[in-house]
Amino acid sequence: MRGRVVVVFVLLVVLMLAGAAGQRGQWFGAGQTPVANDKLNHDADSASESGQSEVDAKSAPAGTIGKSSADDSAPNKPEDQAQSPSNTVSTPTLSTETAKALMREQVRERDCQLARLAIKGNREERFKDGDWQWLPPERAELERLALVAVVERLRAACPPEIDDPEARKRHQRDNDDAIAAAAQAGNLLARVRLESRKPRARRNLDDTRALMIEALSSGDLEAISELGWLELGLPGTNPYVGHLVNPLDLWPLVACDLGADCRPGSRILDLSCATAWFGMTCSYDSLESAYRDNMQPHVWQRLDQRRNEILSRLRSGQTDGMFDPPPTNNRPGGG
């Protein structure tokens, strides 16, 4: 009798455990846990709020941007990977056209950010209380209208600004993933942006110099116009040192010289109008004239000299060592 009671008790325990397992399946679904479910919800939120263009969503290979479900199930331990090579997932490389589409979207993203900064920074008010006070009223009004038109062009097709902090972080992660994927596909603009974002401690300066020369040799004018962000990471290029040229002013000008669209209404001129630190460059017919009229004469002279040196070396094919550090002065006394 005692043995039968024990058997019945064991059967009851088994039935209770089976019922709990079935209920758990109703709660979480087969093979899921609350943690996994949270991750899936996070990934779905990221996909729905990424802000990427319809072209990118249709043309990007599945699993290239962000993580795929296959990545989540891949073994974590080296020994597991060795035993199950079939579970290893390789990320497909984007096509050249898809990488270009992603970077067109990233260019638009940055334009939108700069337009918002121009508004939030009260750029119009700054010049109204400064330079415009000393100009003839008709000239001041011309520059004001030009600034308004530039901000509107940069804001064209911009989505609404994301207010929620978590959604903004997810959107930024999507943008970072897009740039990384485009860089992996060999897109030069993406590679320049990715390299320029690295902390200085993680940069290989030889790689930075090689990438700058590669961009110049390629003729990719968008990448060339952003080389200033790379050059800022090289020794001896601090734009706050008085005798040095600011790379962020230099490289858009070089891009103009090499054939970039720098006419009135062009993106390069618009960006200068919205961001130039040294003065109001709106309503000019060229970047050169905007710089020359608004920079201090000695600053413009140094910038113009460096720009011509770069162009001369490019035209003669003398790019080797172009960005090498200046030679160390070993003379006694440092003089």
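Residues numbered from 1 in each chain as written. Predicted model: local features only at pLDDT ≥ 70, side-chain atom pairs only at ≥ 80, totals over all residues. Heavy atoms only, no water.

1. A look at the pattern of salt bridges
Cut-off, in case you're wondering: Think of a salt bridge as a Lys or Arg side-chain nitrogen and an Asp or Glu carboxyl oxygen that are within 4 Å of each other. For the purposes of this entry, the term helix denotes a DSSP run of H or I that reaches at least four residues, the term strand denotes a run of E that reaches at least two, and both are numbered from the N terminus.
Counted according to the given criterion, the structure contains 23 salt bridges. We note a salt bridge from Lys120 to Glu161, for which the minimum N-O separation is 2.7 Å. Here the residue Lys120 occupies a position in helix H6 (residues 96–120), and Glu161 occupies one in the loop between helix H8 (137–155) and helix H9 (165–184), the gap between them amounting to 41 residues. Residue Arg153 is joined to Asp270 by a salt bridge in which the shortest nitrogen-to-oxygen separation is 2.8 Å.

2. Structural notes on H9
To keep it simple, the criterion reads: For a helix, the expected span equals 1.5 Å multiplied by the residue count minus one. Partly exposed residues are those whose accessible area sits between 20% and 50% of the maximum for their type, while under 20% is buried and over 50% is exposed, using a 1.4 Å probe and protein chains only.
The end-to-end C-alpha distance of H9 is 29 Å, a good match for the 28 Å that 20 residues give at a rise of 1.5 Å each. Three or more residues of H9 are buried, namely Ala167, Arg170, His171, Asp174, Asn175, Ala178, Ile179, Ala181, Ala182 and Ala183. Gly186 occupies a position one or two residues after H9 and carries a positive phi of about 100 degrees.

3. As for the state of the cysteines
Counted only if it meets this: Pairs of cysteine sulfur atoms within 2.5 Å are identified as disulfides in what follows.
In this structure the tally under the stated criterion is three disulfides. Each sulfur of the disulfide joining Cys112 and Cys158 lies 1.9 Å from the other. Across the disulfide from Cys112 to Cys158, rotation about the S-S bond amounts to roughly -100 degrees, and the bridge is consequently left-handed. Placement of the pair is Cys112 in helix H6 and Cys158 in the loop between H8 and H9, with a sequence separation of 46 residues. Owing to a relative accessible area of 2%, Cys112 belongs among the buried residues under this scheme. Judged by relative accessible area, Cys158 falls into the partly exposed class, the value being 22%. In this model Cys273 forms its disulfide with Cys282; the gap between the sulfur atoms is 1.7 Å. Classification of the bridge connecting Cys273 and Cys282 rests on its S-S torsion, roughly 80 degrees, and on that basis the disulfide is right-handed.

4. Brief notes about the side chain of Glu231
Counted only if it meets this: Each polar contact in these results corresponds to two N or O atoms within 3.5 Å; when the atoms are within protein, one needs to be able to donate a hydrogen and the other to accept it, and residues that are neighboring in sequence are counted only if both atoms are side-chain atoms. Any pair of residues with heavy atoms lying within 4.5 Å of one another is described as a contacting pair.
Looking at the element boundaries, Glu231 is found in helix H13 (residues 227–231). In this structure the side chain of Glu231 is engaged in a polar contact, spanning 2.6 Å, whose partner is the side chain of Trp251. Excluding its chain neighbours within four sequence positions, the residues that come into contact with Glu231 are Met212, Thr237, Pro247, Leu250, Trp251 and Arg306.

5. Quick notes on the packing of helix H16 (residues 287–294) against helix H17 (residues 297–316)
Which entries qualify depends on this criterion: Lines fitted to C-alpha atoms define the axes here, with helix axes fitted over just the stretch in contact, and angles between the N-to-C directions of these axes take values from 0 to 180 degrees. Polar here means any residue other than Ala, Val, Leu, Ile, Met, Phe, Trp, Tyr, Cys and Pro, which are nonpolar, and Asp, Glu, Lys and Arg, which are charged; Gly is therefore polar.
Remark: H16 packs on H17, axes separated minimally by 9 Å, with the N-to-C direction vectors making an angle of 150 degrees. From H16, Glu288, Tyr291 and Arg292 reach across to H17, where they touch Trp300, Leu303 and Arg307. Tallied by class, residues from the contact of H16 with H17 come to three nonpolar, no polar and three charged.

6. Observations regarding the packing of aromatic side chains
Basically, it comes down to this: Any pair of Phe, Tyr and Trp rings, taking the six-membered ring for Trp, is counted once the centres come within 6.5 Å. Such a pair is stacked with planes under 30 degrees apart, edge-to-face with planes over 60 apart, and tilted for the rest.
According to the stated counting rule, one finds four aromatic pairs in the structure shown. Where Trp251 meets Phe323, the ring centres are 6.0 Å apart and the plane angle is 55 degrees; that geometry is what we call tilted. With Trp251 in helix H14 (residues 247–257) and Phe323 in the segment after H17, this pair connects stretches of sequence that are 72 residues apart. The exposure classification of Trp251 matches that of Phe323, with both residues buried.

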